[in-house]
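The chain contents come next:
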Amino acid sequence: MIAAYNKLHIKAGILEKIPFYYKQLFLRKHNYLQEFWVGRKEEMRQIERAFENFSSGFHGGILIHGDRHSGKSFFAHYASSSLLPNYKLISIHAPLAGSTNISDFKSAFSQASGLTGSWVKIFRNLPKKSIILFEDIELWWERRNGGDAVIEELKQLINTYAKDYIFLVTTNSASLKVLDTTIGLSEEFIGKIEMQELDSEELKEMILYRHQTSALEFNLRGKMESQYKEWHFARL
């Protein structure tokens, strides 16, 4: 185990030299910069329509699902800030190891919102123009008796407060299939958006946008970045 750790562990001196945006690859939290946004026109169209349905009086959450690392969180943050810039986004995270404890769930909500007390008191003091984002909702669930307590609590919150607040929920697609089979999670949502795979051009743009913030020059196939022309990139 020690040998494996030494092989995979990044030495402190090396880590300090890694540019900020590369360093984020090793962290759980990210800065979602609009300048890095690429593609997702269909997904943006769907969530814009869901926001419009909310404004028209349809009440319920909006579910965002996709494969792991498909960009669900970035999409939720980008769509919220670009389509509803006057709304406050409150992002709630589960513990890394997950939890099915309602007190943990409420504590995470209080930490994100800065509000404490009963649910009634919290929502009474929550700004009306708020988007409440629950990320990786599957971390609040376990396949056992009582393992759906937090999900049921969330469903109750959506049923009670979705007339005044926008609820966004992200989960991976595999987990969603299980949650739909066991507790009918999708029934609580007025919009369900699946993150599609990026095409090769979008992937290239996404990688280069992030790379260009690093002030580093890559060497690919024996050629330095400064030697690459547009037609070189087109062949990648």
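One can find the structure itself at the top, above this paragraph.
Residues numbered from 1 in each chain as written. Predicted model: local features only at pLDDT ≥ 70, side-chain atom pairs only at ≥ 80, totals over all residues. Heavy atoms only, no water.

Caption draft 1: Seen up close, the nonpolar core. Phe-123, Ile-132, Phe-134, Ile-137 and Phe-167 are the most contacted members of the largest nonpolar core, which totals 32 residues. Top contributing element to this core by residue count: helix α8 (residues 149-161), with 6 residues. In this view, Phe-167 contacts Gly-61, Ile-62, Phe-123, Ile-132, Phe-134, Leu-157, Ile-158, Tyr-161 and Ala-162; residues no more than four positions away in its chain are not counted. One finds Leu-84, Ile-131, Ile-166 and Met-195 within the second-largest nonpolar core, a separate group that totals 19 residues. (Core = buried A, V, L, I, M, F, W, Y, C linked by side-chain atoms within 4.5 Å. Buried < 20%, exposed > 50% of the residue type's maximum accessible area, 1.4 Å probe, protein only. Helix = DSSP H or I, 4+ residues; strand = E, 2+ residues; numbered from the N terminus. Contact = heavy atoms within 4.5 Å.)

Caption draft 2: Inspection of the packing of aromatic side chains at higher detail. Enumeration according to the criterion identifies 11 aromatic pairs in this entry. Residues Phe-109 and Phe-123 carry aromatic rings whose centres are separated by 5.5 Å and whose planes lie at 50° to one another, so their mutual orientation is tilted. In this pair, Phe-109 is assigned in helix α6 (residues 102-113) and Phe-123 in helix α7 (residues 119-125), connecting sequence segments 14 residues apart. Considered together, Phe-109 and Phe-123 belong to a single accessibility category, that of buried residues. An aromatic cluster is built from Phe-105, Phe-109, Trp-119, Phe-123, Phe-134, Trp-140, Tyr-161, Tyr-165 and Phe-167, whose rings are joined through pairwise contacts. The ring centre of Trp-119 lies 5.4 Å from the NZ or CZ of Lys-106, which sits over that ring. (Phe/Tyr/Trp six-rings, centres within 6.5 Å; stacked < 30°, edge-to-face > 60°. Lys NZ or Arg CZ within 6 Å of the ring centre and 35° of its normal.)

Caption draft 3: Structural detail: unusual backbone geometry. A positive phi angle, close to 55°, is found at Asp-136, a residue other than glycine. Position of Asp-136 relative to the elements: it lies in the loop between β3 (130-135) and α8.

Caption draft 4: Geometry of the sheet that holds strand β2 (residues 88-93). What the 5 strands build is an open sheet, ordered β2-β3-β4-β1-β5; its pairing is parallel. Edge strands, defined here as strands with exactly one partner in the open sheet, are β2 and β5 (189-194). Across the sheet, the mean angle from the axis of one strand to that of its neighbour is 20°, orientation sign disregarded. Direction of pairing for strand β1 (residues 61-66) relative to strand β4 (residues 166-172): parallel, over a ladder of 5 bridges. The partner of Leu-63 across the bridge, within β4, is Val-169. Packed onto the sheet, helix α4 (residues 41-55) meets β1, β4 and β5 and runs at close to 170° relative to β5. Docked against the sheet, helix α9 (residues 173-183) engages β1, β4 and β5, running at close to 110° with respect to β4. (Pairing = 2+ DSSP bridges. Axes fitted to C-alpha atoms, helices over the stretch in contact; angles between N-to-C directions.)

Caption draft 5: Layout of the pattern of salt bridges. Applying the stated rule across the entire model yields 5 salt bridges. Note that Glu-42 and Arg-45 form a salt bridge whose closest N and O atoms lie 2.4 Å from each other. Taken together, the residues Glu-42 and Arg-45, both in helix α4 and 3 residues apart, mark about one turn of the helix. Here Glu-142 ties to Arg-144 by a salt bridge, and the two come within 2.6 Å at their closest N and O atoms. When salt bridges that share partners are traced, they join Lys-128, Lys-163 and Asp-164 into one network. (Salt bridge = Lys/Arg side-chain N within 4 Å of Asp/Glu carboxyl O.)

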